[in-house]
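Chain by chain, the residues:
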Amino acid sequence: MSTHEEELRKAVSYALSAGYQLDKDAFEFLDSISKTKDPAEFMEEVIKRAESLPEKPYFLDRQFLEEIAKETLPAIEEEPSIISQAKKLFKPFAKEISSQIKVVENPADKISTSGSIEEYLEYFHDRFKRLERLLRQRIDTRDAVSIREAYKAPANAKLKVIGMITEKRESKRRILLRLEDLESAVTVLIPANAKRELLEKAGMLLLDQVVCISVVKGRRNLFIADDIIWPDIPKRKPKTASEPVYAALISDLHVGSKTFMRKEFSNFLFWLNGKYGNSKAAEIAGKVKYLIVAGDIVDGIGVYPQQIRELAIKDISKQYELAAEFFEQIPDYIDVIIIPGNHDASRKALPQPAIPKDYAEAIYEKRKIYSLGDPAIVEVHGVEILIYHGRSLDDVIVSLPNIEFNNPEKAMRLLLQCRHLAPTYGAKTPIAPEPRDFLVIERIPDIFHAGHVHVVGYEYYRGTLIVNSGAWQRQTAYQKKMGLTPVPGVVPIVNLQTLEVTCLSFA
Ligand code: ZN
Ligand code: FE
């Protein structure tokens, strides 16, 4: 295909991506002007105008294009814009570098549940075993005994027990916990006059998580807590890339929703192609070798009541077709990795299989994509990334008063400390009873990437970079009702050589 045709095709697919059709006359006109100007840039202007109309047209006709061409042509001729300058100079570094990508963990090919009671028992058994093992890797928990042994100890004995929190009752006077291991259960008291540090720790406990509690045995089989130990991750130096390659982390496109920010997302794609932003932005773009998408690619159908009113595209396959049009515009030297979110066409229960081909064929056909399950682990340029959509962040934020929606990285940090992606069972996050608990964080990631909350945030915790990658959806009616203000159109870009983050805004 010649460059001319290539550019023309890009302009057309850009219009389609933005939800517009071109009729034959309009296409011929676009072809005729493409000899003197960049048709994609021109199309960007056309779409901008179409967006500003009180009633958005479905077709872009020749007359409309002609009017805009008349107004914009001279200005562009006389004074080349930053966009076209950057394009001329754009020689992406990442294009010269071969990709190094390894899928370390992908639940998608191992999922096997039917959902019987026996499976749930097996699932919880596995969860307990795995987390107990992680806890016992700590020096300060090695002397922990089983609950049954703890019962045999004399009064006032100091002990450590490991168990799953199955109940948490708080009152002004005290906190009562029910702790269970595989054989037995015990009630643990945290008195109101306990040290502040202990009360704070107890306040952070989530149901169904596994912890070690240091206790003093009281009378009548009641145990009094004096410390709580999370499995946590050890402090260490993360692995980094030997070359200055970058990964762009995104999530929550919600293609198909009326509030999907197609223009801003197109700007992001233009940027990846070296056609948007100043020379510094273009330099960063040229180093992007990996694009990771942590779920909610489309808005889906029937995800919540009355969603249909907020949909611009009411057919999930068509939503994926449009998403595929966008993905097609990603430079081909960039590796694209995607996982599903709760809005995608995969089953909703975690772990989620990869987005199924029968609904999302277009995504698989338009360009090469690594389509994995949720959660998944990949290693890119030597850096291990745990990718998780983040459904359970809702549960963490709702159940703990000191963690809020505008600091999703804090909720993510707590998941790392729990060494589990969805500690609480039976809340908003559906969990399938796989014989193995894929949600235990067995491996310590260099980067922990999630989305779902629609707010960008990042922090470094004990060597791990925690990133929440925001969204490409303006505030929805539901979010408004809940008082959530999203931070959309902002992309955290990670330098894999240093794990430094640059956030670029396309909004
Ligand atoms: Zn979302
Ligand atoms: Fe989500």
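Definitions and cut-offs
Residues numbered from 1 in each chain as written. Chains lettered and ligands numbered in written order. Predicted model: local features only at pLDDT ≥ 70, side-chain atom pairs only at ≥ 80, totals over all residues. Heavy atoms only, no water. Donors = N, O, S within 2.8 Å, 3.2 Å for Na, K, Ca; no water. Tetrahedral: all angles 85-135°; square planar, octahedral: opposite > 155°, others 65-115°. Helix = DSSP H or I, 4+ residues; strand = E, 2+ residues; numbered from the N terminus. Buried < 20%, exposed > 50% of the residue type's maximum accessible area, 1.4 Å probe, protein only. Axes fitted to C-alpha atoms, helices over the stretch in contact; angles between N-to-C directions. Parallel < 35°, antiparallel > 145°, perpendicular 65-115°, else oblique. Left-handed = near helix turned anticlockwise from the far one by under 90°. Contact = heavy atoms within 4.5 Å. Nonpolar A, V, L, I, M, F, W, Y, C, P; charged D, E, K, R; others polar. Polar contact = N/O pair within 3.5 Å; in protein donor to acceptor, adjacent residues only side chain to side chain. Pairing = 2+ DSSP bridges. Core = buried A, V, L, I, M, F, W, Y, C linked by side-chain atoms within 4.5 Å. Domains from an automatic or database assignment. Phe/Tyr/Trp six-rings, centres within 6.5 Å; stacked < 30°, edge-to-face > 60°. Salt bridge = Lys/Arg side-chain N within 4 Å of Asp/Glu carboxyl O. pLDDT = per-residue confidence, 0-100.

1. Here's the deal with the coordination of the iron ion (ligand 2)
Okay, step 1: Only D296 (OD), N342 (OD1), H389 (NE2) and H452 (ND1) from the protein coordinate the iron ion (ligand 2), and they sit 2.1 to 2.4 Å from it.
Okay, step 2: Angles of 79 to 170° at the metal separate the 4 donor atoms of the iron ion (ligand 2), which places the site in the irregular class.
Okay, step 3: One chain supplies every donor for the iron ion (ligand 2), spaced along it as D-x45-N-x46-H-x62-H.
Okay, step 4: The distance between the iron ion (ligand 2) and the zinc ion (ligand 1) is 3.1 Å, with D296 acting as a donor to both metals. Here D296, found in the loop between β10 (288-294) and α11 (316-328), pairs with N342, found in the loop between β11 (335-339) and α12 (357-366); they are 46 residues apart in sequence, far enough to count as distant. Note on accessibility: D296 and N342 belong to one class, buried.

2. What about the coordination of the zinc ion (ligand 1)?
Okay, step 1: Here the zinc ion (ligand 1) is held by D252 (OD), H254 (NE2), D296 (OD) and H454 (NE2), and the distances to it run 2.0 to 2.4 Å.
Okay, step 2: Every donor counted, the 4 donor atoms about the zinc ion (ligand 1) form angles of 85 to 177° at the centre, which fits irregular coordination.
Okay, step 3: Mapped onto the sequence, the donors of the zinc ion (ligand 1) take the spacing D-x1-H-x41-D-x157-H.
Okay, step 4: Judged by relative accessible area, H454 falls into the buried class, the value being 4%.

3. With respect to the packing of helix α3 (residues 39-52) against helix α9 (residues 262-272)
Okay, step 1: One can describe the packing of α3 onto α9 by two numbers: an axis separation of 11 Å at closest approach and a directional angle of 165°. When the axes of α3 and α9 are compared, the pair comes out roughly antiparallel. α3 and α9 meet at a crossing whose hand is left-handed. Of the residues in α9, those touching α3 at A40, E44, K48 and E51 are R262, K263, N267 and F270.
Okay, step 2: Here the residues of the contact of α3 with α9 sort into 2 nonpolar, 1 polar and 5 charged.

4. What about the side chain of E459?
Okay, step 1: Its location among the elements puts E459 in strand β16 (residues 456-461).
Okay, step 2: With relative accessibility at 15%, the residue E459 sits in the buried group.
Okay, step 3: A polar contact is formed between the side chain of E459 and the side chain of R413, at a distance of 2.8 Å.
Okay, step 4: Apart from residues no more than four positions distant in its own chain, E459 is found in contact with E409, R413, T464, L465 and I466.

5. Focus: the sheet that holds β10
Okay, step 1: Here 6 strands make up an open sheet; going across it, the order is β12-β11-β10-β9-β18-β19 and the pairing mixed. Every other strand in the sheet has two partners, leaving β12 (370-371) and β19 (500-505) as the edge strands with one partner each.
Okay, step 2: Sheet topology places strand β9 (residues 246-250) next to β10; 5 bridges connect them, and they run parallel. Across the sheet, the residue bridging to L249 is I292, located in β10.

6. Description of unusual backbone geometry
Okay, step 1: Each neighbour pair has its own omega, and for L350 with P351 the value is -5°, a cis peptide bond.
Okay, step 2: Inspection of the secondary structure assignment puts P351 in the loop between β11 and α12.
Okay, step 3: Although it is not a glycine, H254 adopts a positive phi angle of roughly 55°.
Okay, step 4: Note that H254 resides in the loop between β9 and α9.
Okay, step 5: Positive phi, close to 55°, is recorded for R419, a residue that is not glycine.

7. Some remarks on the nonpolar core
Okay, step 1: Among the nonpolar cores identified, the biggest contains 54 residues, and V188, I190, I213, I228 and L414 are the most heavily contacted of them.
Okay, step 2: Two domains each donate at least three residues to this core, and these are domain 2 (103-110 + 235-505) and domain 3 (139-229).
Okay, step 3: When near neighbours in sequence (up to four residues on either side) are disregarded, I190 contacts R174, I175, L177, L198, L199, A202, A225 and I228.
Okay, step 4: Of all hydrophobic cores here, the second largest spans 44 residues; its members include W271, Y320, F326 and W472.

8. What about the packing of aromatic side chains?
Okay, step 1: Applying the stated rule across the entire model yields 18 aromatic pairs.
Okay, step 2: Ring plane angle 40° and centroid distance 5.6 Å describe the contact between F265 and F268, whose orientation is recorded as tilted. You can see F265 and its partner F268 sitting in helix α9, 3 residues apart, about one turn around the helix. For the pair F265 and F268, one class covers both residues: buried.
Okay, step 3: Summarising the aromatic geometry, the rings of F268 and W472 are spaced 5.5 Å apart at their centres and angled 35° between planes, so their arrangement reads as tilted.

9. Description of the packing of helix α1 (residues 3-17) against α11
Okay, step 1: Where α1 meets α11, the closest approach of the two axes is 9 Å, and the angle between their N-to-C directions is 145°. Helix-helix and strand crossings are classified by hand; for α1 and α11 the assignment is left-handed. When α1 is examined against α11, the residues R9, S13, L16 and S17 are found in contact with a partner set consisting of L322, E325, F326 and E328.
Okay, step 2: Residue composition of the contact of α1 with α11, by class: 3 nonpolar, 2 polar and 3 charged.

10. So, the pattern of salt bridges
Okay, step 1: Inspection of the entire model under this criterion finds 33 salt bridges.
Okay, step 2: Its salt-bridge partner being K48, residue E45 comes within 3.6 Å of it at the nearest N-O pair. Within this pair, E45 and its partner K48 are both found in helix α3, separated by 3 residues, close to a single helical turn.
Okay, step 3: With a closest N to O distance of 3.2 Å, E200 and R196 form a salt bridge. Taken as a pair, E200 and R196 lie in helix α8 (residues 196-203) at a separation of 4 residues, close to a single helical turn.

11. A word on the sheet that holds strand β17 (residues 464-469)
Okay, step 1: Spatial strand order, β3-β13-β14-β15-β17-β16: 6 strands in an open sheet with mixed pairing. A single partner strand is all that each edge strand has here, and the edge strands are β3 (101-105) and β16. Recorded for the sheet is a direction-independent mean angle of 20° between the axes of neighbouring strands.
Okay, step 2: The pairing of β3 with strand β13 (residues 376-380) spans 4 bridges and is classified as antiparallel.

12. Digging into the confidence of the model for the protein
Okay, step 1: The predicted model of the protein averages 91 in pLDDT, with 96% of residues at 70 or higher.
Okay, step 2: Per-residue pLDDT stays below 50 along residues 74-82; that stretch engages in 6 contacts with residues further than four places along the chain or on separate chains.

13. Looking at the side chain of Q307
Okay, step 1: When you line up the elements, Q307 lands in the loop between β10 and α11.
Okay, step 2: Looking at Q307, the relative accessible area reads 1%, which means it is buried.
Okay, step 3: Reaching out from Q307, the side chain makes a polar contact with the backbone oxygen of D299 at a distance of 2.7 Å.
Okay, step 4: Contact partners of Q307, with chain neighbours within four places excluded, come to D299, G300, I301, G302 and H343.

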